Amino acid sequence: MKKQPKEYSVPAIDKTVAILNALADRQLSIQDIHTSLNVPKSTAFVILNALEQYSLIQKNPEGKYRLGHGVLRWGIGYMKSMDLVTIARPHLEKLIADTPYTAHLAVSEKDKPVYVDKVEGNGFVRFATNIGQIQPLHMSGVGKAIASGMSDEEIASALTAELEAAPDKLGRAMEKLMEDVRYVRKYGYSIEDEEFEEGIRCIGAPIRDGNGQVFASISITSLNKDLPATKFQQIGEAVKETADRISAELGFMEQQTMPKGELPKHGNGRT
């Protein structure tokens with residue numbers, strides 16, 4: 001008779017995984033973990049302290065724990081195993097075909113958008129962007145799109161860290177980013193109008209995973225002469241539809257319809 005392989009169990013790891021799985025669903029205090037998972041408070045404290053050191057969890061002001069940005073590295077690794085780039089590439093090629101635009105695909109890592117792919121159109125100008133390049137959350141099309149899937153608290157924390165060297169700019173930057181985020185949540189696409197670099201405009205849109213969470217985004221980058229403000233709605237809807245198709249291939253089924261009608265007016269073309 002063939003022997004069944006022996007199952008090994010490491011209690012501390014079992015408890016750690018149980019805590020992480022529970023935090024994936026809701027925020028919990030040490031008392032909550034003790035009650036719902038039957039983990040001794042002293043053990044829970046030691047595990048939570050270790051996880052917090054690796055940014056796998058974080059504690060809010062009320063003393064409850066939630067998943068931290070450290071788990072994004074695992075999520076990004078999983079998405080890479082699904083080959084996000086391969087899925088998105090044909091959609092990006094179609095989006096910028098016969099245009100002077102450049103398309104970018106970005107993933108969120110530690111609340112910052114990072115380029116993982118780039119597709120160039122037939123324009124004469126080639127933009128100096130590279131795979132692996134980090135973009136600002138508040139001044140990029142891909143960043144604003146990703147921020148639309150974050151909570152207000154997460155946005156505030158991320159932007160505070162991003163502008164740590166320029167705290168005097170934080171107030172206005174936060175106000176502007178929240179305005180942009182509300183726009184993305186309403187219309188499905190973001191607009192970056194020469195905020196990061198003079199003469200350059202970008203329009204982005206969020207990508208969702210099978211659970212509906214925003215974890216990546218796409219954008220088109222253009223010289224302002226090739227993307228006048230009068231085309232923001234037309235191009236924005238095309239970018240949004242492309243992002244929606246990518247999301248659908250990743251398992252996101254719930255397609256939401258953005259309201260139609262007159263869009264807010266842009267001062268100098270800005271959101």
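Predicted model only: the values in this text are computed from it and were never measured. (Residues numbered from 1 in each chain as written. Predicted model: local features only at pLDDT ≥ 70, side-chain atom pairs only at ≥ 80, totals over all residues. Heavy atoms only, no water.)

1. Some points on the overall build of the chain
Then step 1. On a plain count of helices and strands, the chain comes out with nine helices and seven strands.
Then step 2. Residues classed as buried in the chain amount to 45% of the 271 residues present.
Then step 3. The long-range fraction of contacts in the chain, counting pairs at least 24 apart against all pairs at least 6 apart in sequence, stands at 57%.
Then step 4. Accessible surface, the chain: about 15000 Å² in total, of which carbon and sulfur atoms supply 53%. (Helix = DSSP H or I, 4+ residues; strand = E, 2+ residues; numbered from the N terminus. Buried < 20%, exposed > 50% of the residue type's maximum accessible area, 1.4 Å probe, protein only. Contact = heavy atoms within 4.5 Å. Areas by Shrake-Rupley, 256 points an atom, 1.4 Å probe, with all protein chains shown as cover.)

2. Comments concerning the pairing of strand S5 (residues 190–193)
Then step 1. Every second residue of S5 is oriented toward a common face, with Ser-190 and Glu-192 on one face and Ile-191 and Asp-193 on the other, all of them buried.
Then step 2. Remark: six residues form the turn of the hairpin made by S5 and strand S6 (residues 200–208), two consecutive strands paired antiparallel; Glu-194 in that turn has positive phi of roughly 60°. (Pairing = 2+ DSSP bridges.)

3. Quick notes on the sheet that holds strand S4 (residues 112–120)
The strands that make up a sheet are held in pairs by hydrogen bonds between backbone atoms, and each pair lies either parallel or antiparallel.
Then step 1. Strand order in the open sheet made by the five strands is S4-S3-S7-S6-S5, with antiparallel pairing throughout. Looking at strand neighbours, the two that pair on one side only are S4 and S5, the edges of this open sheet. Here the average twist between neighbouring strands, direction ignored, is 25°.
Then step 2. As paired strands, S6 and strand S7 (residues 214–223) are joined by nine bridges and run antiparallel to one another. By the bridge assignment for S7, Ile-207 is matched with Ala-216.
Then step 3. Contacting S5, S6 and S7, helix H9 (residues 232–249) crosses the sheet at an angle of about 30° to S6. (Axes fitted to C-alpha atoms, helices over the stretch in contact; angles between N-to-C directions.)

Geometric values such as these leave the question of function open.
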